[in-house]
Amino acid sequence: MLELADVTTRYGAVTALDAVSIHVDEGELVALVGPNGAGKTTLLNTVAGLLTPATGTISFSGERINGTEPATLVRRGLALVPEHRRIFKDLTVEENLKLAGVTVARRLRRERVDEVGSLFAVLRAKWNTNAGFLSGGEAQQLAVARALMCNPKLLLLDEPTLGLAPTLVDAIFELLVTLRSQGRTVLVVEQNAHRALEIADRGYVLRSGRLVAEGLGSDLAGDPQLFEAFLGGGL
Amino acid sequence: MTQLIQNLVDSLGLGGTYALLALGISLIFGVMHLVNFAHGELITVGAYTAYFLFSTVGGSWWWMPVAIIASCVLASVLTERIAFRWVRTANPFTMLLTSFALERLSHALWQIGVSPKAKAFPKVSWAFDTYQFGDVRIEKMDLVTIFVTALALVVTALVFKRTLFGIAVRGAAEDFDAARLMGVKANRVILGAFAYAGLLAGVAAVLILMRTPSAKPDMGSAWLLAAVIAAVIGGMGSFTGAVAGGVALGMLQTFLQSYLPEGTLSYLNDAFVFGVIAVFFVIRPQGLFDVTHAERV
């Protein structure tokens with residue numbers, strides 16, 4: 001479904017992503033882990049169209065999408081839940097979802113807002129509250145709900161558990177599994193490397209912009225040497 | 001008391017016009033972080049449109065407002081397509097210089113193409129008829145100005161609260177890239193913002209030209225300055241702020257003009273106005289309203 005072949009992304013003279021090749025197949029849940037500054041966010045932003053790769057090819061559903069406008073990719077079914085959530089704090093919960101429904105046909109939009117809203121009970125309770133007043137966990141659910149508005153085939157999530165209390169972290173991981181069981185393909189970047197790899201079908205380890213390991217999620221999660229070498233030790 | 005009411009009516013009219021212009025500036029600033037110094041030129045475009053129509057096909061104030069507003073919307077959209085779109089990703093200073101260049105270019109074109117002198121066109125016959133309420137005399141034009149401005153502001157509030165376009169503009173103003181990730185098309189939302197800013201400037205131009213029916217190459221600059229100040233007073237990027245800033249500036253000007261002693265001091269009205277504004281910014285640098293998302297991420 002998604003394939004990156006030798007993708008390099010630079011910020012000016014700095015190479016943030018260095019000839020990385022990964023693939024995500026239909027129905028898979030893939031985790032991308034690595035220390036800070038490894039290029040994980042750069043990879044997601046490059047796929048989602050916020051950055052244009054310097055070299056290499058990104059293809060989605062068989063089509064080359066290098067440098068395609070995010071708005072176009074969303075319409076083709078590729079959505080990103082960005083780092084730090086970036087929900088619209090000055091808009092209400094409902095308005096956030098309405099805005100995310102810009103890709104949905106006008107007559108279906110109302111229905112879709114209700115449909116997605118009903119998946120998240122906490123959001124229903126704060127429907128007309130400005131999103132700036134939501135707690136971290138609520139804000140994260142809104143960020144995911146917003147991405148679901150376009151009914152994506154492939155969902156990219158950047159650090160969805162960052163800054164959340166442990167019980168909420170559990171809820172987010174459950175949500176990822178649920179999304180996969182609904183037939184969506186998921187690529188998730190996580191700082192909770194171990195837990196993310198445990199639930200993932202496959203995983204990739206990125207360090208300083210290069211791919212250093214890949215394999216089945218369970219294999220990577222059970223490899224102490226890997227954690228020692230690349231993920232700052234400690235399970 | 002009579003004087004006070006008179007001043008209030010005057011300042012609401014003037015301040016309302018500032019508010020319409022300040023809203024446009026704030027709107028463009030919100031979506032692309034540009035202080036559009038060419039915004040005042042829309043009034044000039046409207047004025048020459050009226051002048052040409054009156055002097056060629058003849059005209060009537062019954063439909064002239066529509067022509068003026070249409071010309072402002074078109075001009076605003078054209079500046080985006082021809083100039084600003086190409087520098088959108090450049091640094092803010094480049095965008096600022098582009099808007100200055102457009103302003104100067106506009107002055108020069110009217111000077112060379114038409115005349116450096118003011119060109120008058122027919123006035124609105126009833127504009128300065130007055131109504132008498134007790135001791136207070138109010139010009140018809142004052143009432144029209146206040147009513148039209150209020151209507152435009154209410155419509156604007158509804159557009160930004162209720163329509164998908166309005167919500168998209170607010171979202172894009174807060175976090176442009178996040179809005180793109182939701183599927184908002186960058187070109188479309190920015191073009192829409194320019195069109196709406198042009199519409200508001202068009203309404204302002206109609207109100208201004210009904211009072212002073214003449215076109216002059218540099219007539220937009222004074223309005224632009226007032227509008228930028230109003231937008232900054234309100235807190236750039238805040239919609240409520242632009243309106244409050246416009247009305248505050250209108251009041252400040254009107255009341256100072258009215259209460260400063262006749263003679264030398266009244267000539268210094270603008271100096272006093274800017275003095276008060278300077279003091280205001282020392283006390284409250286962020287403007288009347290806090291805008292938390294001033295930087296585009």
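Owing to the predicted nature of the structure, the values given are computational and were not obtained by experimental measurement.

A. Looking closely at the interface of chain B and chain A. With 20 residues of chain B at the contact, the number on the chain A side is 24 residues. Here chain B meets chain A over a buried area of about 2,100 Å², counting both sides, of which 61% is carbon and sulfur. On the chain B side of the interface with chain A, the three residues burying the most area are L164, L181 and M182 of chain B, jointly 35% of the side's total. On inspection of chain B and its partner chain A, the count reaches four salt bridges. Note that R170 of chain B is salt-bridged to E95 of chain A, the shortest N-O span being 3.0 Å. At the junction of chain B with chain A, the criterion picks out seven residue pairs in polar contact (both at pLDDT 80 or more). Sorting the residues of the side of chain B that touches chain A by element identifies helix 6 (164-174) and helix 7 (176-181) of chain B as the ones contributing at least two each. In terms of residues, the side of chain B that touches chain A owes the most to one element, helix 6 of chain B, which gives six residues. Looking at the side of chain B that touches chain A residue by residue, the class counts come to 10 nonpolar, three polar and seven charged.

B. Structural context of helix 5 (residues 140-162) of chain B. All names here are of chain B. Over its 23 residues, helix 5 extends 33 Å from the first C-alpha to the last, a length consistent with the 33 Å expected when each residue adds 1.5 Å. Residues of helix 5 that are buried include every one of M141, D142, T145, T149, A152, T156, V159 and F160, and no others. Along its buried surface, helix 5 packs onto helix 1 (2-32), strand 3 (136-139), helix 6, helix 8 (186-211) and helix 10 (239-259).

C. Structural context of the sheet that holds strand 5 (residues 63-64) of chain A. Residue and element names in this part refer to chain A. Pairing is antiparallel across the open sheet formed by four strands, whose spatial order is 2-1-4-5. Single-partner strands in this sheet number two, and they are strand 2 (14-24) and strand 5. By the bridge criterion, seven bridges tie strand 1 (residues 2-11) to strand 2 in an arrangement that is antiparallel. When the sheet's bridge partners are listed, T9 is paired in strand 2 with L17. Contacting strand 1, strand 2 and strand 4 (55-60), helix 1 (residues 40-48) runs over the sheet at an angle of about 110° to strand 1.

D. Region of interest: the pattern of salt bridges. All names here are of chain A. Summed over all chains, the structure comprises 21 salt bridges over all chains. Residues R202 and E28 are paired through a salt bridge, measuring 2.6 Å at the closest nitrogen-oxygen approach. You can see R202 sitting in strand 9 (residues 202-207) and its partner E28 sitting in the loop between strand 2 and strand 3 (29-33), a full 174 residues away along the chain. Each member of the pair, R202 as well as E28, carries the same accessibility label: buried. Each of E94, R110, D114 and R124 takes part in a single network of salt bridges with overlapping partners.

E. Summary view of the confidence of the model for chain B. Residues and elements named next belong to chain B. Residues of chain B with pLDDT of at least 70 account for 96%, and the chain-wide mean is 90. Mean pLDDT values over the elements of chain B span from 66, in helix 11 (residues 264-267), up to 97, in helix 2 (residues 41-55). Complex prediction metrics read pTM 0.89 and ipTM 0.89.

F. Examining helix 4 (residues 92-113) of chain B more closely. Residues and elements named next belong to chain B. Helix length check: helix 4 (22 residues) gives 31 Å between terminal C-alpha atoms against 32 Å at 1.5 Å per residue, within 8%. Three or more residues of helix 4 are buried, namely M95, T98, S99, L102, E103, S106, H107 and W110. Of the residues flanking the start of helix 4, the one acting as N-cap is N91, its side-chain oxygen 3.0 Å from the backbone nitrogen of F93.

G. Summary view of the sheet that holds strand 7 (residues 154-158) of chain A. All names here are of chain A. Here we have six strands laid out as an open sheet, ordered 6-7-8-3-9-10, and mixed in their pairing. If you trace the sheet from one side to the other, it starts and ends with strand 6 (78-81) and strand 10 (210-216), each paired once. Strand-to-strand twist across the sheet, computed as the mean angle between neighbouring axes with direction ignored, equals 15°. Sheet strands in contact with helix 1 are strand 3, strand 6, strand 7, strand 8 (185-190) and strand 9, and its direction is about 145° off that of strand 7.

H. Focus on the nonpolar core. Judged by nonpolar contacts, the single largest core of 165 residues is most densely connected at L2, L43, L78, L156 and L187 of chain A together with W61 and I68 of chain B. A total of 17 residues in this core trace back to one element, the largest contributor, which is helix 8 of chain B. Excluding residues within four positions of it along the chain, W61 of chain B makes contact with F54, I68, F121, P122, K123, V124, L209 and M210 of chain B.

I. Highlighting unusual backbone geometry. At S61 of chain A, a position not held by glycine, the phi torsion is positive, near 50°. The exposure class of S61 of chain A is partly exposed, given its relative accessible area of 41%. In this structure, H33 of chain B takes a positive phi of about 55° despite not being glycine. Among the secondary structure elements, H33 of chain B is positioned in the loop between helix 1 and helix 2.

J. Geometry of the packing of helix 2 of chain B against helix 4 of chain B. All names here are of chain B. Following both chains from N to C, one finds helix 2 and helix 4 inclined at 20°, their axes separated by 10 Å at the closest point. Between helix 2 and helix 4, the angle is such that the two are roughly parallel. You can see that helix 2 and helix 4 cross each other, and the crossing is left-handed. Residues E41, T44, V45, Y48 and F52 of helix 2 pack against E103, S106, H107 and W110 of helix 4. Looking at side-chain class alone, the contact of helix 2 with helix 4 contains four nonpolar, three polar and two charged residues.

The rules behind each value
- Residues numbered from 1 in each chain as written.
- Chains lettered and ligands numbered in written order.
- Predicted model: local features only at pLDDT ≥ 70, side-chain atom pairs only at ≥ 80, totals over all residues.
- Heavy atoms only, no water.
- Contact = heavy atoms within 4.5 Å.
- Buried area = accessible area lost by both parts, 1.4 Å probe.
- Salt bridge = Lys/Arg side-chain N within 4 Å of Asp/Glu carboxyl O.
- Polar contact = N/O pair within 3.5 Å; in protein donor to acceptor, adjacent residues only side chain to side chain.
- Helix = DSSP H or I, 4+ residues; strand = E, 2+ residues; numbered from the N terminus.
- Nonpolar A, V, L, I, M, F, W, Y, C, P; charged D, E, K, R; others polar.
- Expected span 1.5 Å × (residues − 1).
- Buried < 20%, exposed > 50% of the residue type's maximum accessible area, 1.4 Å probe, protein only.
- Pairing = 2+ DSSP bridges.
- Axes fitted to C-alpha atoms, helices over the stretch in contact; angles between N-to-C directions.
- pLDDT = per-residue confidence, 0-100.
- Core = buried A, V, L, I, M, F, W, Y, C linked by side-chain atoms within 4.5 Å.
- Parallel < 35°, antiparallel > 145°, perpendicular 65-115°, else oblique.
- Left-handed = near helix turned anticlockwise from the far one by under 90°.

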